[in-house]
Amino acid sequence: MSTSGSIFELRENLGLNRAERVAKLYELGFTWADLEDEEYWLDGIVVMPAETYEELEKASSMLWAILDKAVRYVHRKHDLYDLIGIPPILWEMLDISELPAEGLISRYARFDFAIANDGAIKLLELNADTPTGYVEASIATPWVCDEAGISSRNDRMKENLAAAWSVEQPDTAACVGYGSHEEDSGTIEALVRHSGLDIRCVDCLDLWVDEGVVKDGEDRIIERMFALYPKEWMAVDEGGDALAYAIETGKIQLFNPPLSILLQSKGLLAVVWGMYELGLLFDEKEREAIASYILPTYNKPIFSGNFVSKSMFGREGGSVRMFDANGALEIEDQDGYDSSELFPSVYQKRAEMALIHTSKGDCHLLTGMFVINGKPCGLLGRAGGLITGNTSQFIALGVR
Amino acid sequence: MAKEENTKDQVVSKLFTPEGKPIRVLSTSLGIALLANALLIPGSPAAASGSSASGEPQLVSWSTDEVKAYFDKNVDWNIPYPEETAEEVEQTGQGAVTSNGTTVINNYGGYNSGFGWDDLLLYHMLFNSGSFYSSRGWYNNHPGYYGGTRTVYKPRTYSSTKFQNKPVAGSVVKPRTSTSSTGSITRRGTSSKAGGIGGTSSKLGGSKSSSGSKSSSSKSSFGG
């Protein structure tokens, strides 16, 4: 079944035995393809033309450099921290952080793009702090593509990850609900496996802080930790202060490092767009890339046409609201947590996502691109509604 | 200097659309902040130097005629440092600030009343030692009585367990702010028990929960 009038082609694997394939993926480390009665994994492949992939890869490199430059501009400016929603608890650790080499503020990140039916690419957001979907992109996607004889461009994810972690050298990897939360646990286990290092996995909820020293449930001292723990939650969690103190005093090093929260804030897109409109900071080539790939984004709803509002630290589609051309609320996310109660919102012009027609109905395609160790290297496909929320499904993305 | 002004002009001309309307981003607070940062911070993309070459005091362009008549560039308009107080400073009743070679003389819009908000602040800093307002402190020197009695009025006492108007370290009371009914709280802990990291936030999402209470609890997010 193909998608007419679109650059994307959908190949659904309808005749294959799903249970067997789910079991195979389970073995490979993708243990949440089926969750209770939900099918999280859509067995099929969305194929994009090689030209589109190459443009996407180039756009990702450009945007990565542009956002890197924007972070360097915002760094140590408290008025801008405030306006892009950085919780004050993080300011001190950001101020004392030295900027790393260009392109290496976060070594593990993922862009989310809207690619329209005609191939127009627009950046929706960057997840530079704690992206997931790594197992889907680095393990499941190459396997599904390989089985169908379609080329996957995700092969370099593992080596890039190993290169990144050989520099960062975490001694511990953590997520909330390790052992019971299948997706997050599976993600950190895959990262640890691919790094080739000897790293212990722990549950964030077992961590405790003793006068600035972070220890795990067995009182082992942690000095370098990769954590799938969104840093803005330090402003909410009881132990946030203690963890911030541990980071500021250098007793623990966190990965991604604190500066990645500046990349993570969706307010940074408003900074980039603002500087673009003001004609500052960016050179001609960068301005071209911004005009092509970044959507007009502001910290106030000042659009004359349709737009989207979302929390600067929204996750899982939570807090996303879409407004029509008259500025009236059209649709809002119901599944995720609305973090706009805690953090300010950004307003972004709406972008079109390609529609794919599956045997179970139509859905919108969200295209993820991992940037690991500074290099764009992995596609992640997700199919969902107008808002790609917690109930969206994973589908492999291949290139022809 | 000429080159710098040129840069500044270029920035200014970019702030308007060809139709003469300010560009859109300038109607947002972030846009204003970005522009302010660019113009005011030395070494930033659009920074323009504001000082004159000679370093001589100069009147700002909006000075009134009285100020212009009074102004003598040979007078030292700098506020004297404490160690130099041995010499008497002429009392003019007017304040002057010199920065970057530009002198601003404050004569309160010509009314010469000589009392403004900055004086009030100065008094506050002198008499209250810079601390925040305390109603109890006032009644220490200004006794009051309940109407028709000789009972000395005792102001209500506050403690950090009841109310505070600014974040206080170690307090459990959250100050209310105009934007938040719960307010923010500044605590500085150096230790935390297990569950302190991720315990509260994971419950907010519902999906990132160790207890697996929600049906889709094992799949969250894409974390980002």
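Residues numbered from 1 in each chain as written. Chains lettered and ligands numbered in written order. Predicted model: local features only at pLDDT ≥ 70, side-chain atom pairs only at ≥ 80, totals over all residues. Heavy atoms only, no water.

**Observations regarding the overall build of chain B**
So, step 1. In terms of regular secondary structure, chain B is built from 6 helices and 3 strands.
So, step 2. Helices (α) and strands (β) of chain B occur, in sequence order from the N terminus, as α-α-β-α-β-β-α-α-α.
So, step 3. Per-residue burial over chain B gives 25% buried out of 224 residues.
So, step 4. Within chain B, counting contacts between residues at least 6 apart in sequence, those at least 24 apart form 24% of the total.
So, step 5. For chain B, the exposed surface amounts to about 15,800 Å²; the carbon and sulfur share of it is 55%. (Helix = DSSP H or I, 4+ residues; strand = E, 2+ residues; numbered from the N terminus. Buried < 20%, exposed > 50% of the residue type's maximum accessible area, 1.4 Å probe, protein only. Contact = heavy atoms within 4.5 Å. Areas by Shrake-Rupley, 256 points an atom, 1.4 Å probe, with all protein chains shown as cover.)

**A few points about the overall build of chain A**
So, step 1. When you go through chain A residue by residue, the secondary structure sums to 11 helices and 21 strands.
So, step 2. For chain A, the C-alpha radius of gyration of 20 Å lies close to 21 Å, the compact-globule estimate for 400 residues.
So, step 3. Projected onto its principal axes, the C-alpha positions of chain A cover 60 × 50 × 35 Å.
So, step 4. Buried positions account for 64% of the 400 residues belonging to chain A.
So, step 5. Restricting the contact set of chain A to residue pairs at least 6 apart, pairs at least 24 apart contribute 70%.
So, step 6. Here chain A contributes 35 positively and 65 negatively charged side chains, and the mean placements of these two sets differ by 6 Å. (Rg over C-alpha atoms; globule rule 2.2 N^0.38 Å. Lys, Arg positive; Asp, Glu negative; His and termini not counted. Charge placed at Lys NZ, Arg CZ, Asp CG, Glu CD.)

**A closer look at the pairing of strand S8 (residues 200-203) of chain A**
Residues and elements named next belong to chain A.
So, step 1. In this sheet, S8 lies alongside strand S7 (residues 172-175) in parallel orientation, the contact comprising 4 bridges. For Ala 173, the partnering residue across the bridge sits in S8 and is Cys 201.
So, step 2. Crossover handedness for the path S7 to helix H7 (residues 182-195) to S8: right-handed. (Pairing = 2+ DSSP bridges. Right-handed = clockwise from strand over helix to strand, strands pointing away.)

**Structural notes on the pairing of strand S16 (residues 329-332) of chain A**
Residues and elements named next belong to chain A.
So, step 1. Where strand S15 (residues 321-323) meets S16, 3 bridges bridge the pair, whose relative direction is antiparallel. Considered in S16, the bridge of Phe 323 is made with Leu 329.
So, step 2. Count of turn residues in the S15/S16 antiparallel hairpin: 5 residues, of which Gly 327 carries a positive phi of about 85°.

**Looking at the sheet that holds strand S13 (residues 297-298) of chain A**
Residues and elements named next belong to chain A.
So, step 1. Across the sheet, which stays open at both edges, the 5 strands sit in the order S13-S17-S14-S15-S16 with antiparallel pairing between neighbours. Only two strands of the sheet have a single neighbouring strand rather than two, namely S13 and S16.
So, step 2. Both strand S14 (residues 307-311) and strand S17 (residues 345-349) contribute to a ladder of 5 bridges, which runs antiparallel. Of the residues in S17, the one forming a bridge with Val 308 is Gln 348.

**Focus on the pattern of salt bridges**
Residue and element names in this part refer to chain A.
So, step 1. If you walk through the whole model with that rule in mind, you get 25 salt bridges over all chains.
So, step 2. For Arg 72, the salt bridge identified is with Asp 68, shortest N-O distance 2.7 Å. Residue Arg 72 and its partner Asp 68 are located together in helix H2 (residues 50-74), separated by 4 residues, close to a single helical turn.
So, step 3. When the shortest N-O distance is used, the salt bridge between Glu 332 and Arg 321 registers 2.9 Å. Taken as a pair, Glu 332 in strand S16 and Arg 321 in strand S15 lie far apart in primary sequence, 11 residues in all. (Salt bridge = Lys/Arg side-chain N within 4 Å of Asp/Glu carboxyl O.)

**A word on unusual backbone geometry**
Residues and elements named next belong to chain A.
So, step 1. Along the chain, Phe 255 connects to Asn 256 via a cis peptide bond; the corresponding omega equals -5°.
So, step 2. Residue position: Asn 256 is located in the loop between strand S12 (253-255) and helix H9 (260-264).
So, step 3. We note that Arg 76 has phi near 70°; this positive angle belongs to a residue other than glycine.
So, step 4. One non-glycine residue, Asp 219, lies in the positive phi region at around 65°.
So, step 5. Position of Asp 219 among the secondary structure elements: in the loop between strand S10 (213-215) and strand S11 (224-228).

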